[in-house]
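# Fold and contact review
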Amino acid sequence: MKRFFISAVICGSSLLLWNCKPDDDTTTVADRDRQEVYNEDLNDIETFLKGNSIKINEKNIEFTAVESGSASIWDQSEYPLQSINLKNDTYNYSSSTGKYEKLTDNVDYKVYYLIVNEGGGETPMIHDNVFTSYTGYSLDKTSFDTYPFGFWSAYPSYSSYTEIISGYRQILQQIKTASAIVDNGDGTYTHENPGRVIVFIPSGLGYFSSAQSSIGAYTPLIFDITLITSKEADHDNDGILDKYEDVNNNGNLWDDDTDGDGKPNFLDLDDDGDGYTTREEITYTTEENGETVKKLYSFDQIPTCDGGTVKKHIDKNCH
Ligand SMILES: [Ca+2]
Ligand SMILES: [Ca+2]
Ligand SMILES: [Ca+2]
Ligand SMILES: [Ca+2]
């Protein structure tokens, strides 16, 4: 384990959820085969689900070995065990190319989860800014980290929004935000009917080979997550929300690159590569109270070039 120590100190100095980028890692450890690790993880997770019962409290969960008379997580019916097949959706930023590159990982991950509460609000987009709280557990039933007050994240990280591991962010698609957040007037807030999910994440959708301060490499994780609220993201702050940068409308923002410069539109300040930023192209001036002010078109109002068929910020024939 000693070889992981240096990276553990560096990567583990902040909240555990942050993706630890290879650049941070001063030790070089050859990655194990992802399929092989996944097969082991799945076996460990299924053994855990069949050998333990779960008690879900308002603030935490308790796991205990199955005894006669108690139902395992696998067998119990109060929170039916569900599973979903997920792909690793991680892209890593390469400082040498200045672009995000897709992580090579062909494993079909089976991810088990329990919906404790579906939530009364909305399911955010995968890239949106989300506010969640969590407690993380290892398969040894101890809690390795908790963040009960919540924090903001987005994918990929930008501005003050941190980045979370693939299994965590993808499982949020199964629940919804709170239906309302009530200001109690004393500095506290009540979250009404937030979504809550307990997920069993294979290490390939977690930290994989990067050991964290209290998690070894190749370790499956359990997260008890509450999804409180979300905001629509504008990752490149060009005035076009992420959801409108999905030009081909297929739900995948990584494959929309109008100017073909290797930067997808949602991370590209000049989407059509004409030398004028998108923000400049969607700015107009108007008179208000005798003064000239600059405003941004709402997405629907963005004009096309003369004779054009697409909005001007993705048409290099005008600006
Ligand atoms: Ca944008
Ligand atoms: Ca581009
Ligand atoms: Ca853009
Ligand atoms: Ca442009």
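Note that the structure is a prediction, hence the values are computed from the model and not measured.

### As for the domain arrangement of the protein
Taken domain by domain, the protein holds domain 1 (2-231) and domain 2 (242-314). With five residues of domain 1 at the interface, the matching set in domain 2 holds eight residues. When grouped by side-chain class, the residues that make up the side of domain 1 that touches domain 2 number three nonpolar, one polar and one charged.

### Re the sheet that holds strand β11 (residues 195-201)
Overall, antiparallel pairing links the six strands, which are arranged β3-β6-β11-β12-β7-β8 in an open sheet. Both outer strands of the open sheet, β3 (82-86) and β8 (143-153), are each paired with one neighbouring strand and no more. Between one strand axis and the next, the sheet turns by 25° as a mean value, whatever way the strands run.

### Let's talk about the nonpolar core
With 40 residues, the main nonpolar core has Val111, Tyr113, Val197, Val199, Phe200 and Phe223 as its most contacted residues. Elements with a contribution of two residues or more to this core: α2 (34-51), β6 (109-117), β7 (129-137), α3 (166-171), β11 and β12 (221-231). Sorting elements by how many residues they give to this core places β12 first, with six residues. Sequence-distant contacts of Val111, defined by excluding residues within four places in its chain, comprise Ser83, Ile84, Leu86, Gly167, Ile171, Val199, Phe200, Ile201 and Leu205.

### Remarks on the pairing of strand β14 (residues 291-296)
Little of β14 sits out of view: just zero of its six residues are buried. Hairpin connection between strand β13 (residues 283-288) and β14: a loop of two residues separates the two successive antiparallel strands, and Asn289 in this loop has a positive phi of roughly 55°.

### Structural notes on the pairing of β8
Regular strands have side chains that alternate between both faces of the sheet. The pairing of β7 with β8 spans seven bridges and is antiparallel. Bridged to Thr132 within β8 is Phe151. In this antiparallel pair of consecutive strands, β7 and β8, the connection spans five residues, and Lys141 shows a positive phi of 75°.

### Considerations on α2
An α-helical segment advances 3.6 residues per turn. Residues three or four places apart therefore align on the same side. Under the 1.5 Å per step criterion, the end-to-end length of α2 is 25 Å for 18 residues, consistent within 8% with the ideal 26 Å. Turning to α2, its buried residues are Arg34, Val37, Tyr38, Asp41, Ile45 and Phe48. Buried residues of α2 fall within an arc of 95° about the axis and therefore sit on the same side. Of the exposed residues in α2, the ones pointing more than 90 degrees away from its buried face are Gln35, Glu36, Asn43, Thr47 and Lys50. Where α2 is buried, its residues meet β1 (52-56), β6 and β11.

### Quick look at the environment of Ser230
With respect to the helices, strands and loops of the structure, Ser230 is situated in strand β12. On the basis of neighbour count, Ser230 is assigned to the buried category, with 22 C-beta atoms found within 10 Å. The sequence separation of Ser230 and Val37 amounts to 193 residues, and the corresponding C-alpha distance is 33 Å. If we skip the residues at most four places from it in the chain, Ser230 touches Glu122, Pro124, Asp128, Asn129, Val130, Phe131 and Thr177.

About the criteria used
- Residues numbered from 1 in each chain as written.
- Chains lettered and ligands numbered in written order.
- Predicted model: local features only at pLDDT ≥ 70, side-chain atom pairs only at ≥ 80, totals over all residues.
- Domains from an automatic or database assignment.
- Contact = placed C-beta atoms within 7 Å.
- Nonpolar A, V, L, I, M, F, W, Y, C, P; charged D, E, K, R; others polar.
- Pairing = 2+ DSSP bridges.
- Helix = DSSP H or I, 4+ residues; strand = E, 2+ residues; numbered from the N terminus.
- Axes fitted to C-alpha atoms, helices over the stretch in contact; angles between N-to-C directions.
- Core = buried A, V, L, I, M, F, W, Y, C linked by C-beta atoms within 7 Å.
- Buried ≥ 20, exposed ≤ 12 C-beta atoms within 10 Å, placed from the backbone.
- Expected span 1.5 Å × (residues − 1).
- Arc of directions from axis to C-beta.

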